[in-house]
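# Notes for the structure review
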Amino acid sequence: MSADRTSSTVICTRGLSKRFGSITAVAGLDLDVPRGAVFGLLGPNGAGKSTTFGILCGYLRADGGQATVLGVPSERLARLRGAVSAMPQDAAFPPQVSVERQLRYYAVLGGLSRAEAAREATRVLALVELADAAKRRGNELSHGMLKRVALAQALLGSPELMFLDEPTAGLDPASARHIKDVIAAQAPRATVVVSSHNLAEIQEICTHGVILDHGRRVAFGTIAELTRSGTEISIELGHGSSPPLAALEATFGADAVTLLDANTLRILCPTTADVAQVIGSALRVLLEHQTPILGVRRGTSLERAFLEATGDTARTR
């Protein structure tokens, strides 16, 4: 069975469920991942994120519902040889085999000829900045280098769909920056699903995302929609300042103005409003009342959106 290259949806789940004994890890999950997206899979511990990731990668079988990947049921993912790749969180490699030899072997398993596999091994090692480590063995690599080798094998053959589990965990800032750039560059030619606890990273590189909690979908959409960048602004105020709430409410309406904490002001934007004009009006009111301003941001952080969606808003205070 070949990959479905015509549908705008690369991954589709309907009523997906998975139990482990008395524990329901995934409960009736409906999910659509658009073609060409860098898609973030988010959730607190125990939310079902890892289980969902495992089902979509073909590691686990669902107990109920359906999951299709490129038009193929996830339990038959092996039929999509070369079209789908995965990077497990803690991938292990043979300790006495060179990096280059390992990558050539994986490339052949993915359907490439030996000559193509050799070229691909060279290409992906350069992409993850490990060209100089091609002859080194698995037991000679640091944790960060092993992470980059794991990403390199997921890039082999330029698959249509990539699953990446915590792709930058354990990397130094420079390496993490480079790997994030490599991941973002895969779209829109390929679709990338990223599972990560690093919300700032997800917000930076992903175009779409889903937030899971207790096995259910609690928020879904583009990153702009999740962070409400077109419908609200956040203003960071100077420490100890007293914002002119009455004046702001008179300008925007009482329901549109909220003091999130001592130093953070949120203003909701009407759907027909120009966000730039809302920011200008808010700053004008604050400056007229000599309120110190430290920063302005469209929308909220993905961290705050995540905590609000999962009912853990106490941590945002």
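This write-up is about the structure you can find in this document.

Basis of the calculations
Residues numbered from 1 in each chain as written. Predicted model: local features only at pLDDT ≥ 70, side-chain atom pairs only at ≥ 80, totals over all residues. Heavy atoms only, no water. Helix = DSSP H or I, 4+ residues; strand = E, 2+ residues; numbered from the N terminus. Buried < 20%, exposed > 50% of the residue type's maximum accessible area, 1.4 Å probe, protein only. Contact = heavy atoms within 4.5 Å. Areas by Shrake-Rupley, 256 points an atom, 1.4 Å probe, with all protein chains shown as cover. Lys, Arg positive; Asp, Glu negative; His and termini not counted. Charge placed at Lys NZ, Arg CZ, Asp CG, Glu CD. Core = buried A, V, L, I, M, F, W, Y, C linked by side-chain atoms within 4.5 Å. Pairing = 2+ DSSP bridges. Axes fitted to C-alpha atoms, helices over the stretch in contact; angles between N-to-C directions. 1 Å grid on protein atoms, 1.4 Å probe; cavity = no way out; pocket = protein on both sides within 12 Å on 5 of 7 lines; lining within 4 Å. Points joined across faces, edges and corners; volume = space filled by probe spheres on them.

## Comments concerning the overall build of the chain
Counting secondary structure elements, the chain contains ten helices and 14 strands. Counting only C-alpha atoms and orienting by the principal axes, one finds that the chain spans roughly 70 × 45 × 40 Å. With 317 residues in all, the chain has 48% of them scored as buried. Looking at the chain alone, contacts between residues at least 24 apart form 69% of all its contacts between residues at least 6 apart. Total accessible area on the chain is roughly 15,000 Å²; 50% of this is exposed by carbon and sulfur atoms. Between the centroid of the 33 positive side chains of the chain and the centroid of its 31 negative side chains there is a distance of 8 Å.

## Section: the nonpolar core
Core analysis: the largest hydrophobic core is formed by 44 residues, its most contacted members being Leu103, Leu151, Leu164 and Ile183. The greatest single-element share of this core, amounting to seven residues, is contributed by helix α4 (residues 143–155). Beyond its immediate chain neighbours, meaning those up to four positions away, Leu103 contacts Ala121, Val124, Leu125, Val149, Ala152, Gln153 and Leu156. Membership of the second largest hydrophobic core comes to 29 residues, among which are Val26, Phe39, Leu70 and Ala83.

## Thoughts on the pairing of strand β13 (residues 264–268)
With four of its five residues buried, β13 lies for the most part within the structure. With four bridges connecting them, strand β12 (residues 257–261) and β13 associate as antiparallel partners. Across the sheet, the residue bridging to Leu259 is Leu265, located in β13. Hairpin connection between β12 and β13: a loop of two residues separates the two successive antiparallel strands.

## A few points about the sheet that holds strand β14 (residues 293–298)
An order of β12-β13-β11-β14 is seen for the four strands of this open sheet, with the pairing classed as antiparallel. Strands at the two margins of the open sheet, each flanked by one partner only, are β12 and β14. Here the strands of the sheet are splayed against their neighbours by 20° on average, with no regard to which way each runs. In the sheet, strand β11 (residues 232–237) pairs with β14 via five bridges, with the strands oriented antiparallel. Pairing of Glu236 across the sheet is with Gly295, part of β14.

## Focus: the layout of surface pockets
Roughly 590 Å³ of volume is contained in the largest pocket. Along its surface, the largest pocket is lined by 24 residues, and Gly82, Val84, Ser85, Ala86 and Gln153 are the ones closest to its centre. Broken down by secondary-structure element, the contributors of at least two residues to the lining of the largest pocket are β6 (84–87) and α2 (99–109).

## Notes on unusual backbone geometry
Note: most residues except glycine have negative phi, and most peptide bonds are trans. The omega angle of the peptide bond from Ala187 to Pro188 is 5°, so this bond is cis rather than trans. Of note, Pro188 is situated in the loop between α5 (173–185) and β8 (191–195). In this structure, Ser158 is a non-glycine residue whose phi angle is positive, near 50°. Note that Ser158 resides in the loop between α4 and β7 (161–165). Relative accessible area serves as the criterion here: at 33%, Ser158 is assigned to the partly exposed category.

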